[in-house]
Amino acid sequence: MKRIRKYCGISVILFSIFILSGCATTAGKAFETNESQVKLRSIQTRAFDTTDKKIMMQTVISTMQDLDFVIGKADFTLGSVTGSKFLGQTVVTMTVIVRPRGEKQLLVRANAQYGITSVEDPGTYQDFFIALEKALFLTAQQVD
Amino acid sequence: MIERRRFLKSVLVVFLCLGIIGCVSVPKGFLKPSEGYLEKRQLQMRQYDTTNEEQIITAVAGVLQDLGFTLDESETKLGLVSASKKADATSKGQVVGAVLLDMLAALGGSSSNNTARCDKSQVVKASVITKPSLDRKKMVVRVTFQRIVWNMSNQINRVETINEPQIYQKFYEGLSKAIFLEAQKI
């Protein structure tokens, strides 16, 4: 008798798991991030001591081109540059936004996607900012 | 009891392995410049003795049209023009080889469909950036090409950056002519 009750209990649990998992949509997956919003911003953002948006954007573009990206879209008003590159069969897309920070600085934020995964590794972004620094002859400053 | 512990241990090891495999999905270091990036610059860049940005970017749009591309996006404030073109990608050699392989497989009594995996069509994307040189006395043009190739069953066969020097040369020959024509108002 006890056994039967146990089996019944287990099957009820399994059944409810199936039912409940059936209800969840996968749309939410597109909005998930592993890192917190604040941490992600600090990983992806650097400040530079310049106010020349045009030169900054042109340097961002040529740095991305050096990294094998083909620039697909750009908008000067928004300060955005989007490009893609191929790694084997995987497509890497990256958007960089340049915007003013106070009177004397520009903020550069990059975010990249590797296939269907968002890149959240600090080292990868650091590589990009090192390349950008070299091209700009300016130091990238961490933003809190 | 000991056996049970051993079993648990092996489960743990398998679990850890799976966990580690799950973490490796995004490789590191793909935003670092590769070693050959200076040679690539040489291939993709040309300088023109003019400071007229408008003349250069109009000539770029013109030469892309000459090559049969349609414009996708442009931002003249940054000197960007991006364009794409659909084209045939079938190569006779590849198709003949695939058909032969399929026939051999059929003779051997198994079914295979190499023909369906042959290249069929491609989309080539071009992105051109024009900007003043560092000393502001010349205009620098840099073009990059990439392409996506579909097979006979309309699946993507491969994606790649185009690095053939002839293709870049052809573009710049066209551009030089277009700049000349624009200057002569033809």
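Residues numbered from 1 in each chain as written. Chains lettered and ligands numbered in written order. Predicted model: local features only at pLDDT ≥ 70, side-chain atom pairs only at ≥ 80, totals over all residues.

Looking at chain B as a whole, its pLDDT mean stands at 86, while 90% of the residues score no less than 70. Note on the complex model: pTM 0.79, ipTM 0.76. (pLDDT = per-residue confidence, 0-100.)

Our focus in this paragraph is the pairing of strand 6 (residues 156–161) of chain B. Residue and element names in this part refer to chain B. With five bridges connecting them, strand 5 (residues 139–151) and strand 6 associate as antiparallel partners. Paired with Gln-146 across the two strands is Thr-161, which belongs to strand 6. In textbook terms, the turn of a hairpin is the stretch between consecutive antiparallel strands, and for strand 5 and strand 6 this stretch comprises four residues, one of which, Asn-154, has a positive phi near 60°. (Pairing = 2+ DSSP bridges. Helix = DSSP H or I, 4+ residues; strand = E, 2+ residues; numbered from the N terminus.)

Once that is clear, we can look at helix 5 (residues 165–183) of chain B. Residues and elements named next belong to chain B. Helix length check: helix 5 (19 residues) gives 27 Å between terminal C-alpha atoms against 27 Å at 1.5 Å per residue, within 8%. Within helix 5, the full set of buried residues consists of Tyr-168, Phe-171, Leu-175, Ala-178 and Ile-179. Summarising the axial view, the buried residues of helix 5 lie within an arc of 100°, below the 170-degree limit, and thus occupy one face. Opposite its buried face, helix 5 presents the exposed residues Pro-165, Gln-166, Gln-169, Glu-173 and Phe-180, each directed more than 90 degrees away. If you follow the buried residues of helix 5, they end up packed against helix 2 (37–44), strand 1 (45–48), helix 3 (53–66) and strand 5. (Expected span 1.5 Å × (residues − 1). Buried ≥ 20, exposed ≤ 12 C-beta atoms within 10 Å, placed from the backbone. Arc of directions from axis to C-beta. Contact = placed C-beta atoms within 7 Å.)

What follows concerns the pairing of strand 3 (residues 80–88) of chain B. Residues and elements named next belong to chain B. For strand 2 (residues 70–75) and strand 3, the ladder comprises five bridges, and the chain directions are antiparallel. Pairing of Thr-70 across the sheet is with Ser-84, part of strand 3. In textbook terms, the turn of a hairpin is the stretch between consecutive antiparallel strands, and for strand 2 and strand 3 this stretch comprises four residues, one of which, Gly-79, has a positive phi near 70°. Pairing of strand 3 with strand 4 (residues 119–132), which is carried by nine bridges, proceeds in the antiparallel orientation. Bridging from a neighbouring strand, Asp-88 pairs with Ser-121 of strand 4.

Counting residues at the interface gives 29 residues for chain A, matched by 26 residues for chain B. Of all elements in the fold, only helix 3 (53–66), strand 2 (70–75), strand 3 (80–87), strand 4 (90–101) and helix 4 (122–136) of chain A reach the threshold of two or more residues within the side of chain A that touches chain B. Element by element, the count of residues in the side of chain A that touches chain B is highest for strand 2 of chain A, at six residues. Taken together, the residues of the side of chain A that touches chain B sort by class into 15 nonpolar, seven polar and seven charged. (Nonpolar A, V, L, I, M, F, W, Y, C, P; charged D, E, K, R; others polar.)

Residues and elements named next belong to chain A. Relative orientation of the contacting elements helix 3 and helix 4 amounts to 125°, with a least axis distance of 9 Å. In terms of axis orientation, helix 3 runs oblique to helix 4. In this structure, helix 3 crosses over helix 4, and the sense of that crossing is right-handed. Note on element contacts: helix 4 touches helix 3 through Ala-131, Leu-132, Ala-135 and Leu-136, opposite Thr-59, Val-60, Ser-62, Thr-63 and Asp-66. (Axes fitted to C-alpha atoms, helices over the stretch in contact; angles between N-to-C directions. Parallel < 35°, antiparallel > 145°, perpendicular 65-115°, else oblique. Left-handed = near helix turned anticlockwise from the far one by under 90°.)

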